[in-house]
Amino acid sequence: MDSQSKKSIAALHKDLLILVVDDSATQRLAVGAMLESAGYQVVAAEDGAQALVLLKERAPALIILDVIMPDMDGFSLCAHIRDLPDGKNIPILMITAHDEEKIVEQAFEAGADDFIRKPITWPVLRLRLLNLLKVKQAERNFQNLAQSAVDGIIIIDLHGIVRYFNPAAETLFGYEALEIEGQNLSLLIPESFRGRHLAGIERYIKTRRPRVIGKTVELVGLHSNGTEFPMELSLSVTENAGEINFTGIIRDISERDQSRKELEANNRFLESILSSLSHPFYVINVSDYSIQIANPAARQLSETGATTCYALTHQEEKPCGSSEHRCPLEEVKRTKKPAHFEHVHFDENNEPRYVDIHAFPIFDQQGNVVQVIEYSLDITEKKNLELAVGSEKVYLE
């Protein structure tokens, strides 16, 4: 980070209230003076009891807490603060003159966000403060975004324990955040899918190779009332200081799933109708004459699996365009209206057949013809009869 960025961040944090808790008056004054010279507001407490009273009256942006204090040490006070209604959101920086690793571990286990050893120097303290405040601001931004999100957002740890459950997730699954946070995610997964969920976490831990992370997949969720519902899940993973968390963004797709089922049913119904037609029916793309839909009566015209209308019906390598065989597709594309022509097509035995072609346009949202529906009626017998009658009339004359 460049110096200008650091100055900008520092400016944003000016006038923030910081609580300093230390039984040493000298230490309180020294740290307080450093903070006030940088523009922070400072309130101080000499022990844990006084600090808890101040927390009821004030809402500090950050707490600097000494480890070794009489009556209530820094570890106990830190744990107590974390149990307060708003205590989880206050960044805590613990300080001590001791150098043992055990002290550091205890500090983080008690809920500290960071740790600094005495003697304290302003350059080090300043950077730690800026980092903690920046991280907490990012967390608050996420919280604000997540709280108002229309999709469910759930964060779980490496053991599958729910650490965050936003209001949209409460609506989706029927649990309040207080009920589900601290519980295993398996409560939200149907029993038949739980084994795969656990196997997925174990696989990632061992291999660090994601299978669904970074992708959107469709799964099944379990509501608190026992009903199952289809959902769409986008999963991401974060690793920080050895701690792994999985964040899932969840959307109920019940309506979409129902619409898809209805569409599939309608398609099956349409296919059954088209299959029952004895005359050829097909839908053609106007851009390349390719056949998108063809019923069995149309498909049986070609043994080679022709993919264009002209190859299927005329056994030609290019579209029809003569005065005798005007192209219905081109006519519909030009006029944007239905068209009706008589053509000679070839049947499955390569025999010519007179057909009556009806073509209808399909438009896009801009009003352009993008596809054409065609069906053809075999009028060979009628045409032969007309020709025979015409010949007989000529003969009689």
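Report follows, based on the coordinates. (Residues numbered from 1 in each chain as written. Predicted model: local features only at pLDDT ≥ 70, side-chain atom pairs only at ≥ 80, totals over all residues. Heavy atoms only, no water.)

Quick look at unusual backbone geometry now. Each neighbour pair has its own omega, and for Lys118 with Pro119 the value is 0°, a cis peptide bond. Secondary-structure assignment places Pro119 in the loop between strand S5 (114-117) and helix H6 (122-148). Its identity as a non-glycine residue notwithstanding, Asp71 has a phi of 65°, on the positive side. Relative to the helices and strands, Asp71 is located in the loop between strand S3 (62-66) and helix H4 (74-83). With a relative accessible area of 84%, Asp71 lands in the exposed category. (Helix = DSSP H or I, 4+ residues; strand = E, 2+ residues; numbered from the N terminus. Buried < 20%, exposed > 50% of the residue type's maximum accessible area, 1.4 Å probe, protein only.)

To continue, consider the sheet that holds strand S1 (residues 17-21). An order of S2-S1-S3-S4-S5 is seen for the 5 strands of this open sheet, with the pairing classed as parallel. The strands lining the two open edges of the sheet, one partner per strand, are strand S2 (41-45) and S5. When the angles between neighbouring strand axes are averaged without regard to direction, this sheet yields 20°. Bridge count between strand S4 (residues 92-96) and S5: 4 bridges; the pairing is parallel. Along S5, the bridge assignment pairs Met94 with Phe115. This element, helix H3 (residues 48-57), spans S1, S2 and S3 of the sheet and lies at about 140° to S2. Packing against the sheet, H4 makes contact with S1, S3 and S4, and its axis sits at approximately 175° to S4. (Pairing = 2+ DSSP bridges. Axes fitted to C-alpha atoms, helices over the stretch in contact; angles between N-to-C directions. Contact = heavy atoms within 4.5 Å.)

For the rest of this paragraph, the subject is the packing of H4 against helix H5 (residues 101-110). Between H4 and H5, the shortest axis-to-axis distance is 8 Å and the interhelical angle comes to 20°. Overall, the two elements H4 and H5 adopt an arrangement that is roughly parallel. The two elements H4 and H5 meet at a crossing, and its hand is right-handed. On H5, the residues that touch Phe75, Cys78, Ala79 and Arg82 of H4 are Ile103, Gln106, Ala107 and Ala110. For the contact of H4 with H5, the residue count by class is 6 nonpolar, 1 polar and 1 charged. (Parallel < 35°, antiparallel > 145°, perpendicular 65-115°, else oblique. Left-handed = near helix turned anticlockwise from the far one by under 90°. Nonpolar A, V, L, I, M, F, W, Y, C, P; charged D, E, K, R; others polar.)

Okay, the sheet that holds strand S11 (residues 281-285) next. Judged by pairing direction, the sheet is antiparallel, and its 5 strands sit side by side in the order S12-S11-S15-S14-S13 without closing on themselves. Looking at strand neighbours, the two that pair on one side only are strand S12 (291-294) and strand S13 (339-346), the edges of this open sheet. Along the sheet, successive strands turn relative to each other by an average axial angle of 30°, direction set aside.

Our next topic: helix H13 (residues 328-335). Turn by turn, an α-helix covers 3.6 residues, leaving residues three or four places apart pointing in a common direction. For H13, every residue scored as buried is listed here: Pro328, Leu329, Glu331 and Val332. The buried residues of H13 occupy an angular sector of 165° when projected down its axis, which confines them to one face. Turning to H13, the residues buried within the fold contact S11, S13, strand S14 (352-363) and strand S15 (369-378). (Arc of directions from axis to C-beta.)

Here we take up the pattern of salt bridges. Two side chains with opposite charge may pair up if their charged atoms get near one another. Counting across every chain of the model gives 16 salt bridges. Residue Arg82 is joined to Asp113 by a salt bridge in which the shortest nitrogen-to-oxygen separation is 2.6 Å. Taken together, the residues Arg82 in helix H4 and Asp113 in the loop between H5 and S5 connect sequence positions 31 residues apart. Given a relative accessible area of 13%, Arg82 falls into the buried group. In this structure, the salt-bridge partner of Glu342 is Lys383, at a minimum N-O distance of 3.1 Å. With Glu342 in strand S13 and Lys383 in helix H14 (residues 380-396), this residue pair connects regions lying 41 residues apart in the sequence. Linked by salt bridges that have partners in common, Glu218, Glu232, Arg256, Asp257, Arg260 and Lys261 make up one network. (Salt bridge = Lys/Arg side-chain N within 4 Å of Asp/Glu carboxyl O.)

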